[in-house]
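The residues making up each chain are set out below.
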Amino acid sequence: MLLTRREILRRTVILALVPVATQAAACADDGADPGGDGSGDGSGDGSGEGSGETELPDLPEYTYDGPLGPEDLFEFGVASGDPLPDAVILWTHVSPADAAPVEVWWEMSLDAAFTKRVQVGTFQTDADVDHTVKLDVTELAPGTVYYYRFMALGRTSPVGRTRTAPTGSVDRLRIAFCSCASYGHGYYHAYRDIAARNDLQAVLHLGDYIYEYGTNQYGSVRELDPPHEILSLDDYRRRYRHHRRDADLAELHRQHPIIAVWDDHESADNSYDSGAENHQPDSEGAWADRKAAAIQAYNEWMPIRSDIDDEGRIFRSFEFGDLVDLVMLDTRLWARDEPPARLDVAGQTDPSRELLGADQESWLVSELRGATARWRLVGQQVMMAHWRGAAAPGQQGPIFNPDQWDGYAATRARLFETLRTNAIDNVVVLTGDIHSSWANNLALDPWDAESYDPATGEGSLAVEFVCPGISSPGLGELGEVIGPGLRSLNPHVQYVDLQRRGYVLLDIDRDRVQAEWYHVDDVEAVDTTVAFAAASRVDYGANRLSAADSPTSPLTDAPDPAP
């Protein structure tokens, strides 16, 4: 059974809560928590939040007099996600000794010692949802850091830290984004590095959180559970359990709220609405069954706000005061047609072929037109920029990867034309999927000298930053071959690294968005380093990239991490 938001609330009992006007944590120039304890005083933060401290309610305490549950009852840790100004998703899992239902207590506080508790409640979980706990906690204060934990069967979970979105005037935010975490290829050092950044507002995960392959089918550094390719609901649930035992991933979830979308490997490689490249119906059953199992497990195990009416919908939007409007897309399972072949030009340009679907495309246009913040961020899965290979002199080469927006040229052309004709500026596209680092200008036709100037970037309608894989491999020897000539063949590409793994940090203020790539030295080593590699920025109103040579400074007085 897949829980909708309505069903989540039905399972949740809120015993008491504090009104919205609690202390607000700062979220801008001089740090997220001047008080150092997650409460904040609202001073000098540019967040538009009030500082009026409300008397805390007299809340009941957790009590239990039965037999103790297993020591590893909360072995999969805690997580939070989808922060709104007044709400956030909290998540955990319990591992009881049998399949019986379990009542789970939860509580939120303004401090990590839980002396300033603001809400407590209970949640009933059972085997129908794989004993996961996912609740949508509302009536929260905007721009505020909260700490949370769960209790059940006499055991207590680790403490997590989360953060609601700010409202009003916001001067600066820092957000990390990442994708593509093949467990088989190595360790999650990049997750650990993100977790240690206490000043982040949120973390965007752009997909390939898990991979469907079995042990040694895709990477051989670490073994997988189950060891075979995952097909059934039980398989997908086991794979999420296996990943969530990873200490670095658990720490990422414990310290930051995430905003996530799936890509293809949460179901199967190069998936689309009605099938996948890595799905063979004759031997692996109906695609509809596998897709449904993948969606159900994802919704159970990820702190994503499930839609009330259609649990298959993950495209949604977020606001971070007047600084950022964020939309998250589904370029995979919602309505994507099967990708065309690499040399099928007619298929690639067919206007009837869908990547987003008419409803999602209309929603995206509406969101972009209606956005009022300084910056419009678009989080999505596959690279939007054009990417062509080599060709004979005087000829334009074929597209490199039809699984990207290149394979759905009409969808991209409609979007770019919408940006142009409606003068929609300050759009920044954030992309994962291809295990490499890119900074791209987005133009209608980057090879048309009349509409795009590669020397200045004039004619660019938006920009795109692409993150490398957390651990998934780059293009290897092929990348070494094509890398040097890629930028000369694709004049809109301002930066590219096809080899290294890591993540991207976004530093956003009212004048510019700067992307910084942090690369891992060796994902196969148990101990390694993560270091700044490159940066690129887009200035307000420019719609094209500019050079950025050094990393930005962290926010001062960031809130205390979860202990």
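A quick note: this is a predicted structure, and the numbers were derived from the prediction, not measured.

Student: Explain the environment of V428 to me, please; I cannot follow it from the model alone.
Tutor: Mapped onto the elements of the fold, V428 is located in strand β18 (residues 427-431). In this structure the C-alpha to C-alpha distance between V428 and R376, which are 52 residues apart in sequence, comes to 6.2 Å. Excluding its chain neighbours within four sequence positions, the residues that come into contact with V428 are W375, R376, L377, V378, V463, F465, V513 and V538.

Student: What exactly am I supposed to notice about the nonpolar core here?
Tutor: Note that soluble globular proteins tend to have their nonpolar side chains buried in a common cluster. Judged by nonpolar contacts, the single largest core of 78 residues is most densely connected at F465 and L506. The element contributing the most residues to this core is helix α6 (residues 287-301), with seven residues. Not counting the four nearest positions on each side in its chain, L506 is found in contact with L173, R174, I175, F177, L377, L430, F465, V513, Q514 and A515. Within the second largest apolar cluster, 34 residues are counted, among which are V327, V382, L419 and V429.

Student: Which parts of the structure should I look at to understand the packing of aromatic side chains?
Tutor: Two measures describe an aromatic ring pair: the distance that separates the ring centres and the angle between the ring planes. Under the definition given, this model contains 19 aromatic pairs. Look at Y183 and Y188: their rings are 6.0 Å apart centre to centre, the planes differ by 85°, and that puts the pair in the edge-to-face class. Across the pair, Y188 and Y183 agree in class, each one buried. Through a chain of ring-to-ring contacts, three or more aromatic side chains come together here, namely F76, W91 and W301. Sitting over the face of the ring of F114, R149 holds its NZ or CZ atom 3.9 Å from the ring centroid. When the ring centre of Y540 is taken as origin, the NZ or CZ atom of R374, which lies over that ring, is 3.5 Å away.

Student: Would you explain the packing of helix α8 (residues 358-370) against helix α9 (residues 409-421) in this entry?
Tutor: Each pair of packed helices can be described by the angle between their axes along with the distance between the axes. For the pair α8 and α9, interaxial distance at closest approach is 11 Å and the crossing angle is 20°. Classed by the angle they form, the pair α8 and α9 counts as roughly parallel. The chirality of how α8 crosses α9 is right-handed. Of the residues in α9, those in contact with E361, L364, V365, L368 and R369 of α8 are T411, R414, L415, T418 and L419. Split into classes, the residues belonging to the contact of α8 with α9 amount to five nonpolar, two polar and three charged.

Student: Explain the environment of P60 here, please?
Tutor: Tracing the backbone through its elements, the reader meets P60 in the loop between β1 (12-17) and β2 (78-81). Between the alpha carbons of P60 and G121 there is a distance of 9.3 Å; along the sequence they are 61 residues apart.

Student: Any chance you could explain the sheet that holds strand β22 (residues 502-509) here in plain terms?
Tutor: Strands belonging to one sheet form pairs held by backbone hydrogen bonds; the direction of such a pair is parallel or antiparallel. Here we have 10 strands laid out as an open sheet, ordered β6-β3-β2-β12-β11-β10-β22-β23-β24-β25, and mixed in their pairing. With partners counted over all chains shown, the strands left at the sheet margins are β6 (132-137) and β25 (545-548), one partner each. For this sheet the average axis-to-axis angle between neighbouring strands, irrespective of direction, equals 30°. In terms of strand pairing, strand β24 (residues 530-539) meets β25 through four bridges, oriented antiparallel. Following the sheet pairing, V538 is matched in β25 by L545. Contacts from helix α4 (residues 247-255) reach β2, β11 (202-205) and β12 (257-260) within the one sheet, and its direction differs from that of β2 by about 50°.

Student: Could you clarify how one ought to interpret the pairing of strand β23 (residues 512-520) in this entry?
Tutor: Walk down a regular strand and you will see the side chains alternate between the two sheet faces. Of all the nine residues making up β23, nine are buried; the element is thus mostly covered by neighbouring parts of the structure. Where burial is concerned, the two faces of β23 agree: the one with R512, Q514, E516, Y518 and V520 and the one with V513, A515, W517 and H519 are both buried. The pairing of β22 with β23 spans seven bridges and is classified as antiparallel. For D507, the partnering residue across the bridge sits in β23 and is Q514.

Student: Got a minute to help me understand the side chain of D136 in this structure?
Tutor: Assignment of secondary structure puts D136 in strand β6. Judged by its relative accessible area of 4%, D136 is buried.

Student: How do you make sense of the packing of helix α3 (residues 233-244) against α6 when you look at a structure like this?
Tutor: Running from N to C, α3 and α6 cross one another at 35°; their axes reach a closest spacing of 8 Å. Between α3 and α6 the crossing geometry is right-handed. Side by side, α3 and α6 meet where L233, Y236, R237, Y240, R241 and R244 of the first sit next to R290, A293, A294, Q296, A297, Y298, E300 and W301 of the second. In terms of residue class, the contact of α3 with α6 is made up of eight nonpolar, one polar and five charged.

Student: Sorry, what's going on with the pattern of salt bridges here?
Tutor: Once their charged atoms are close, side chains differing in charge can pair, the charge on each being opposite to the other. According to the stated counting rule, one finds 32 salt bridges in the structure shown. The closest approach of N and O atoms between R420 and E417, which form a salt bridge, is 2.3 Å. Taken together, the positions of R420 and E417, both in helix α9 and three residues apart, correspond to about one turn of that helix. Judged by relative accessible area, which is 28%, E417 ranks as partly exposed. By sharing partners, the salt bridges in this structure join R172, R174, D199, D507, D509 and R512 into a single network.

Student: Which parts of the structure should I look at to understand α8?
Tutor: Turn by turn, an α-helix covers 3.6 residues, leaving residues three or four places apart pointing in a common direction. Over its 13 residues, α8 extends 18 Å from the first C-alpha to the last, a length consistent with the 18 Å expected when each residue adds 1.5 Å. What α8 keeps buried is the set Q360, E361, W363, L364, V365 and L368.

What counts and what doesn't
Residues numbered from 1 in each chain as written. Predicted model: local features only at pLDDT ≥ 70, side-chain atom pairs only at ≥ 80, totals over all residues. Heavy atoms only, no water. Helix = DSSP H or I, 4+ residues; strand = E, 2+ residues; numbered from the N terminus. Contact = heavy atoms within 4.5 Å. Core = buried A, V, L, I, M, F, W, Y, C linked by side-chain atoms within 4.5 Å. Buried < 20%, exposed > 50% of the residue type's maximum accessible area, 1.4 Å probe, protein only. Phe/Tyr/Trp six-rings, centres within 6.5 Å; stacked < 30°, edge-to-face > 60°. Lys NZ or Arg CZ within 6 Å of the ring centre and 35° of its normal. Axes fitted to C-alpha atoms, helices over the stretch in contact; angles between N-to-C directions. Parallel < 35°, antiparallel > 145°, perpendicular 65-115°, else oblique. Left-handed = near helix turned anticlockwise from the far one by under 90°. Nonpolar A, V, L, I, M, F, W, Y, C, P; charged D, E, K, R; others polar. Pairing = 2+ DSSP bridges. Salt bridge = Lys/Arg side-chain N within 4 Å of Asp/Glu carboxyl O. Expected span 1.5 Å × (residues − 1).

Remember that the coordinates give geometry; whether it matters functionally is a separate question.
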